[in-house]
Protein chains: 2
Amino acid sequence: MSIRHGLLALLDQGPRYGYQLRTEFEARTGATWPLNVGQVYTTLGRLERDGLVVPAGEDEEGHLFYAVTEEGRAELRRWFDSPVPRTNPPRDELAIKLAMAVTVPGVDVPAVVQGQRGHSMKALQDYTRLKGQALAADTGRHSDLAWLLVLEQLIFQTEAEIRWLDHCETRLVQRMEEERERAQAVEAAPAPTGRRRSRI
Amino acid sequence: MSIRHGLLALLDQGPRYGYQLRTEFEARTGATWPLNVGQVYTTLGRLERDGLVVPAGEDEEGHLFYAVTEEGRAELRRWFDSPVPRTNPPRDELAIKLAMAVTVPGVDVPAVVQGQRGHSMKALQDYTRLKGQALAADTGRHSDLAWLLVLEQLIFQTEAEIRWLDHCETRLVQRMEEERERAQAVEAAPAPTGRRRSRI
DNA sequence: CGACACATGTAACACGTTACATGATTTG
DNA sequence: CAAATCATGTAACGTGTTACATGTGTCG
């Protein structure tokens, strides 16, 4: 639902043709989200199917323009007016992976965490470098600001991911200690488990 | 690609049947990612099609078990061994939305930011409350740890989102000031733009 | 009995993504 | 001339998601 609305927003500035939309979209998301041209046309087709855009004639150079309809404008306003829903938040592959890693036996969880951490650190460096370039090239255009914000979101997200991974490690050693304690307790006086004194 | 591997990981612990997989998956992701049972069966079908799992007979009670194949185990090991790729990071709807909001005229960007911020704060509270419950109910099971980690990832992500939204606001006022400066400069001595003295 | 959890599945659809086909125009 | 860019499109596929059909067992 993101590209749909993205193109719709671009069309709200006035009629555009497919190739142009791709260019303008990428100007705002830079190298991080290259947009296959073909997808622009398929998405335009779906938008037209849903009555959000209509073909708007062609250029003297043969460019096929699309324009947003009244219904499209309403949909766009709805999009901007309501926050992106956090009901059923997107299933994050990393979270699922860690959840499975700590669950199934025989997985070297610390290795998984460290592997991901290194990868994220690398990504963070790349993003930071890109941000430097973006700041240097910034000429005050709105699209420059957009690109900068997108980059910074990636940076914030990646930082959070790294912090979370570190947190996972501490949780893991915490667990290992608890299990050691439990094992000793059992060794001393066999009894039904139950972490800490959560029961009795 | 996340649910596929998730189910594969569960099957790595031994043969399971569909309904059981759903239960075990949800035990690790809790209320945040309810998994439609139907999807388990469709995913199992696709896994079988790709040779990663095979039907493994049925129970005396009629449960249809699936088992992971050698190829499936290899795929699973690959999954755990390699970090989740950050090439072409997932297109984040919120980022696209903000990028478009600052770009197209006539959008009340601060309102969009604030609207989202409120929503995220609410979500953060929910997650925090859930975390309290998870901690209280924790009995040391691995699935409890998984559920806790998933929750904490959501918390970290949401916190990062809020921080980023706040950052966006400062960037916005920054821009408005710059534009004001530019406007005054033009008023005083009309000249080609170019932010700061980025050119000349 | 009626409601609900258990259990298996199918059909249809959404969006995103890639690969391919085709042609005009520009540029080294 | 050859390669690259501009420009429009189609076909096919992948996963995720929902809605529906169907049946068994259990419990109040």
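Residues numbered from 1 in each chain as written. Chains lettered and ligands numbered in written order. Predicted model: local features only at pLDDT ≥ 70, side-chain atom pairs only at ≥ 80, totals over all residues. Heavy atoms only, no water.

Scanning chain A from N- to C-terminus turns up 7 helices and 3 strands. Counting from the amino terminus, chain A carries its helices and strands in the arrangement α-β-α-α-β-β-α-α-α-α. A principal-axis box enclosing the C-alpha atoms of chain A has dimensions of 90 × 40 × 30 Å. Counting all 200 residues of chain A, 48% fall into the buried class. Taking the contacts inside chain A whose residues are at least 6 apart along the sequence as the reference set, 52% of them involve residues at least 24 apart. Accessible area of chain A: about 10,300 Å², with a carbon and sulfur share of 54%. Across chain A, the mean location of the 26 positive side-chain charges is 8 Å away from that of the 29 negative side-chain charges. (Helix = DSSP H or I, 4+ residues; strand = E, 2+ residues; numbered from the N terminus. Buried < 20%, exposed > 50% of the residue type's maximum accessible area, 1.4 Å probe, protein only. Contact = heavy atoms within 4.5 Å. Areas by Shrake-Rupley, 256 points an atom, 1.4 Å probe, with all protein chains shown as cover. Lys, Arg positive; Asp, Glu negative; His and termini not counted. Charge placed at Lys NZ, Arg CZ, Asp CG, Glu CD.)

In this section: the packing of helix α1 (residues 2–11) of chain B against helix α2 (residues 18–29) of chain B. Residues and elements named next belong to chain B. Viewed as axis vectors pointing N to C, α1 and α2 meet at an angle of 105°, and their least axial separation amounts to 10 Å. As far as their axial angle goes, α2 and α1 are roughly perpendicular. Residues L7, L10 and L11 of α1 touch α2, and the partners they reach there are L21, E24, F25 and R28. Partitioned by chemical class, the residues of the contact of α1 with α2 number 5 nonpolar, no polar and 2 charged. (Axes fitted to C-alpha atoms, helices over the stretch in contact; angles between N-to-C directions. Parallel < 35°, antiparallel > 145°, perpendicular 65-115°, else oblique. Nonpolar A, V, L, I, M, F, W, Y, C, P; charged D, E, K, R; others polar.)

Right, let's get into the protein's contact with DNA strand C. Close contacts around DNA strand C come from 19 residues, with Q39 of chain A together with Y19, Y41, H63 and R91 of chain B the closest. Backbone sugar and phosphate groups make up 64% of those atoms of DNA strand C lying within 4 Å of the protein. Residue R49 of chain A places a side-chain N or O atom 3.2 Å away from a phosphate oxygen belonging to DNA strand C. Within the side chain of H63 of chain B, one N or O atom sits 2.6 Å away from a phosphate oxygen of DNA strand C. Those elements giving two or more residues to the surface near DNA strand C turn out to be α1 (2–12) and α3 (37–49) of chain A together with α2 and α3 (37–49) of chain B. (Near = heavy atom within 4 Å. Polar contact = N/O pair within 3.5 Å; in protein donor to acceptor, adjacent residues only side chain to side chain.)

Over its 12 residues, helix α2 (residues 18–29) of chain A extends 17 Å from the first C-alpha to the last, a length consistent with the 16 Å expected when each residue adds 1.5 Å. Within α2 of chain A the residues assigned to the buried category are G18, L21, E24, F25, R28 and T29 of chain A. With its buried residues spanning 130° around the axis, α2 of chain A presents them on a single face. Tucked inside the fold, the buried residues of α2 of chain A contact α1, β1 (16–17), α3, β3 (64–68) and α7 (142–188) of chain A together with α5 (93–101) of chain B. Directly beyond the C-terminal end of α2 of chain A, a positive phi value near 60° is found at G30 of chain A. (Expected span 1.5 Å × (residues − 1). Arc of directions from axis to C-beta.)

Moving on: the relation of the copies chain B and chain A. Rotating chain B by 180° and moving it 0.0 Å along the rotation axis overlays it on chain A with an RMSD of 0.0 Å. One copy is carried onto the other by what is essentially a two-fold rotation axis. A share of 100% of interface residues in chain B that are also interface residues in chain A marks the association as one of identical surfaces. (Least-squares fit on C-alpha atoms with pLDDT ≥ 70 in both.)

Another point: the domain arrangement of chain A. Residues and elements named next belong to chain A. As far as domains go, chain A holds domain 1 (2–81) and domain 2 (93–188). Inter-centroid distance (C-alpha atoms) of domain 1 to domain 2 is 34 Å. Taken together, the 7 residues of domain 1 in the interface contact 6 residues of domain 2. A per-residue breakdown of the area domain 1 buries against domain 2 is headed by R28, T32 and W33, which together make up 69% of the total. In this assembly, domain 1 and domain 2 are joined by 0 salt bridges. In this assembly, domain 1 and domain 2 are joined by 0 residue pairs in polar contact (both at pLDDT 80 or more). For the side of domain 1 that touches domain 2, the residue count by class is 3 nonpolar, 3 polar and 1 charged. (Domains from an automatic or database assignment. Buried area = accessible area lost by both parts, 1.4 Å probe. Salt bridge = Lys/Arg side-chain N within 4 Å of Asp/Glu carboxyl O.)

Using the criterion set out here, one finds 4 aromatic pairs over all chains in the structure. Residues W79 of chain A and F80 of chain A carry aromatic rings whose centres are separated by 5.2 Å and whose planes lie at 45° to one another, so their mutual orientation is tilted. The exposure classification of W79 of chain A matches that of F80 of chain A, with both residues buried. Lying across the ring of W79 of chain B, K97 of chain A places its NZ or CZ 5.6 Å from the centre. Sitting over the face of the ring of Y19 of chain B, R22 of chain B holds its NZ or CZ atom 5.7 Å from the ring centroid. (Phe/Tyr/Trp six-rings, centres within 6.5 Å; stacked < 30°, edge-to-face > 60°. Lys NZ or Arg CZ within 6 Å of the ring centre and 35° of its normal.)

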